[in-house]
Amino acid sequence: FTFPLALTGAHMLLNPVLLLPVMLARGAKWQDFSQTLGAQWKGIVLVGLLNGVQIALNNSSLVVMELSLNQVVRAAMPVFVALLAVAIEGRVPTASDLACLVVISVGVMLAVLRPGTVLSSDLK
(Lines give C-alpha, C1' and ligand atoms only; values in the text may rest on other atoms or scores of the structure.)
Protein backbone atom coordinates (compact mmCIF):
# COMPACT_ATOMS: atom_id res chain seq x y z
CA PHE A 1 0.00 0.00 0.00
CA THR A 2 1.93 2.99 -1.26
CA PHE A 3 -0.29 6.01 -0.75
CA PRO A 4 -1.83 6.02 2.76
CA LEU A 5 -1.31 9.76 3.27
CA ALA A 6 -2.99 10.66 -0.03
CA LEU A 7 -5.90 8.34 0.76
CA THR A 8 -6.30 9.79 4.26
CA GLY A 9 -6.08 13.36 2.96
CA ALA A 10 -8.71 12.70 0.30
CA HIS A 11 -10.95 11.06 2.89
CA MET A 12 -10.67 14.01 5.28
CA LEU A 13 -11.32 16.56 2.49
CA LEU A 14 -14.27 14.71 0.98
CA ASN A 15 -16.14 14.31 4.28
CA PRO A 16 -17.20 17.96 4.61
CA VAL A 17 -17.74 18.34 0.86
CA LEU A 18 -20.10 15.37 0.73
CA LEU A 19 -21.88 16.28 3.97
CA LEU A 20 -22.49 19.92 3.03
CA PRO A 21 -25.48 19.21 0.72
CA VAL A 22 -27.06 17.02 3.41
CA MET A 23 -26.62 19.74 6.03
CA LEU A 24 -28.03 22.41 3.73
CA ALA A 25 -31.00 20.21 2.79
CA ARG A 26 -31.81 19.80 6.48
CA GLY A 27 -31.85 23.57 6.95
CA ALA A 28 -28.55 24.03 8.77
CA LYS A 29 -27.54 27.66 9.26
CA TRP A 30 -24.16 29.25 9.91
CA GLN A 31 -25.41 30.58 13.26
CA ASP A 32 -26.20 27.05 14.46
CA PHE A 33 -22.74 25.91 13.49
CA SER A 34 -20.99 28.84 15.15
CA GLN A 35 -22.98 28.40 18.39
CA THR A 36 -22.13 24.70 18.53
CA LEU A 37 -18.49 25.36 17.74
CA GLY A 38 -18.30 28.08 20.40
CA ALA A 39 -19.80 25.82 23.06
CA GLN A 40 -17.98 22.61 22.14
CA TRP A 41 -14.62 23.77 20.79
CA LYS A 42 -12.49 22.01 23.44
CA GLY A 43 -14.09 18.65 22.73
CA ILE A 44 -13.84 19.17 18.99
CA VAL A 45 -10.12 19.99 19.26
CA LEU A 46 -9.49 16.95 21.47
CA VAL A 47 -11.32 14.62 19.09
CA GLY A 48 -9.42 16.12 16.16
CA LEU A 49 -6.05 15.61 17.87
CA LEU A 50 -6.86 12.04 18.87
CA ASN A 51 -8.14 11.31 15.36
CA GLY A 52 -4.88 12.66 13.95
CA VAL A 53 -2.87 10.38 16.25
CA GLN A 54 -5.04 7.42 15.27
CA ILE A 55 -4.59 8.15 11.55
CA ALA A 56 -0.81 8.54 11.94
CA LEU A 57 -0.50 5.27 13.85
CA ASN A 58 -2.74 3.44 11.38
CA ASN A 59 -0.79 4.74 8.40
CA SER A 60 2.53 3.84 10.00
CA SER A 61 1.24 0.33 10.74
CA LEU A 62 0.73 -0.20 7.00
CA VAL A 63 4.50 -0.14 6.60
CA VAL A 64 4.94 -3.29 8.69
CA MET A 65 1.72 -5.25 8.13
CA GLU A 66 -0.50 -6.20 5.23
CA LEU A 67 -3.58 -4.15 4.50
CA SER A 68 -5.81 -7.19 5.13
CA LEU A 69 -4.49 -7.61 8.68
CA ASN A 70 -4.86 -3.87 9.23
CA GLN A 71 -8.53 -4.09 8.19
CA VAL A 72 -9.14 -6.99 10.58
CA VAL A 73 -7.69 -5.00 13.45
CA ARG A 74 -9.80 -1.97 12.52
CA ALA A 75 -12.93 -4.14 12.19
CA ALA A 76 -12.44 -5.35 15.76
CA MET A 77 -12.20 -1.80 17.19
CA PRO A 78 -15.96 -1.35 17.76
CA VAL A 79 -15.89 -4.41 20.00
CA PHE A 80 -13.19 -2.82 22.16
CA VAL A 81 -15.11 0.47 22.22
CA ALA A 82 -18.16 -1.43 23.51
CA LEU A 83 -15.99 -3.01 26.21
CA LEU A 84 -14.70 0.43 27.20
CA ALA A 85 -18.28 1.72 27.37
CA VAL A 86 -19.04 -1.05 29.87
CA ALA A 87 -15.90 -0.40 31.90
CA ILE A 88 -16.00 3.42 31.90
CA GLU A 89 -19.67 4.34 31.60
CA GLY A 90 -21.30 1.18 32.91
CA ARG A 91 -23.35 1.05 29.70
CA VAL A 92 -24.07 -2.54 28.78
CA PRO A 93 -24.82 -3.12 25.07
CA THR A 94 -28.17 -4.64 24.21
CA ALA A 95 -28.45 -8.02 22.51
CA SER A 96 -29.10 -6.31 19.17
CA ASP A 97 -26.01 -4.09 19.67
CA LEU A 98 -23.88 -7.15 20.33
CA ALA A 99 -25.32 -8.97 17.31
CA CYS A 100 -24.50 -6.00 15.07
CA LEU A 101 -20.96 -5.79 16.45
CA VAL A 102 -20.35 -9.48 15.80
CA VAL A 103 -21.84 -9.45 12.29
CA ILE A 104 -19.94 -6.34 11.20
CA SER A 105 -16.60 -7.37 12.72
CA VAL A 106 -16.69 -10.97 11.52
CA GLY A 107 -18.01 -9.89 8.11
CA VAL A 108 -15.09 -7.52 7.52
CA MET A 109 -12.64 -10.11 8.79
CA LEU A 110 -14.00 -12.74 6.40
CA ALA A 111 -14.15 -10.29 3.50
CA VAL A 112 -10.46 -9.44 3.70
CA LEU A 113 -9.23 -12.95 4.50
CA ARG A 114 -7.33 -14.30 1.52
CA PRO A 115 -5.77 -17.76 1.38
CA GLY A 116 -1.99 -17.59 1.41
CA THR A 117 -1.66 -14.24 3.18
CA VAL A 118 0.14 -13.72 6.46
CA LEU A 119 -3.19 -13.36 8.22
CA SER A 120 -4.63 -16.65 7.06
CA SER A 121 -1.41 -18.50 7.93
CA ASP A 122 -1.49 -16.92 11.41
CA LEU A 123 -5.02 -18.22 11.95
CA LYS A 124 -4.05 -21.87 11.36
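Residues numbered from 1 in each chain as written. Predicted model: local features only at pLDDT ≥ 70, side-chain atom pairs only at ≥ 80, totals over all residues. Heavy atoms only, no water.

The next point concerns the overall build of the chain. For the chain, the helix and strand inventory stands at five helices and zero strands. Listing each helix as α and each strand as β along the chain from the N terminus yields α-α-α-α-α. Split into buried and exposed, the 124 residues of the chain put 17% on the buried side. For the chain, long-range pairs separated by at least 24 residues make up 58% of all intrachain contacts whose partners lie at least 6 apart in sequence. When the accessible surface of the chain is summed, it comes to about 9,600 Å², and 74% of that surface belongs to carbon and sulfur atoms. (Helix = DSSP H or I, 4+ residues; strand = E, 2+ residues; numbered from the N terminus. Buried < 20%, exposed > 50% of the residue type's maximum accessible area, 1.4 Å probe, protein only. Contact = heavy atoms within 4.5 Å. Areas by Shrake-Rupley, 256 points an atom, 1.4 Å probe, with all protein chains shown as cover.)

The next subject is helix 3 (residues 67-89). In a regular helix each residue adds 1.5 Å, so 23 residues correspond to 33 Å; helix 3 covers 33 Å between its end C-alpha atoms and thus fits that length. Roughly 30° is the biggest bend found in helix 3, and it falls at methionine 77, with proline proline 78 one to four residues downstream. When we look at burial in helix 3, the residues that qualify are Ser68, Asn70, Val72, Ala75, Ala76, Ala82 and Ala85. Taken from the residues just after helix 3, glycine 90 is the one with a positive phi, measuring 75°. (Expected span 1.5 Å × (residues − 1). Bend = angle between axes of the 7 residues up to and from the residue.)

Here serine 105 lies in helix 4 (residues 95-112). Its relative accessible area of 5% is what places serine 105 among the buried residues. Here the side chain of serine 105 touches leucine 101 through a polar contact of 3.0 Å, landing on its backbone oxygen. In this structure serine 105 touches Ala75, Ala76 and Val79, once residues within four positions along its chain are discounted. (Polar contact = N/O pair within 3.5 Å; in protein donor to acceptor, adjacent residues only side chain to side chain.)

When the C-alpha positions of serine 105 and methionine 77 are compared, they lie 8.4 Å apart, and in sequence the two are 28 residues distant. Looking at serine 105, its side chain comes within polar contact range of the main-chain oxygen of alanine 75, at 2.8 Å.

The next point concerns helix 4. The terminal C-alpha atoms of helix 4 lie 26 Å apart, and with 18 residues this matches the ideal 26 Å at 1.5 Å per residue to within 8%. Within the sequence span of helix 4, burial applies to Leu101, Ser105 and Val112. Buried residues of helix 4, viewed axially, fall in a sector of 45°; they line one side. Exposed positions of helix 4 whose direction lies more than 90 degrees from the buried face are Ala95, Val103, Leu110 and Ala111. The inward-facing, buried residues of helix 4 abut helix 3. (Arc of directions from axis to C-beta.)

Let us look at a nonpolar patch on the surface. A cluster of nonpolar side chains, namely Trp30, Phe33, Leu37, Trp41, Ile44, Val45 and Leu49, defines an oily patch on the protein surface of about 760 Å² accessible area. Tracing the chain through its elements places phenylalanine 33 in helix 2 (residues 30-61). The exposure class of phenylalanine 33 is partly exposed, given its relative accessible area of 41%. (Patch = residues over 30% accessible without salt bridge, like charges linked within 9 Å, V, L, I, M, F, W, Y side chains within 5 Å. Salt bridge = Lys/Arg side-chain N within 4 Å of Asp/Glu carboxyl O.)

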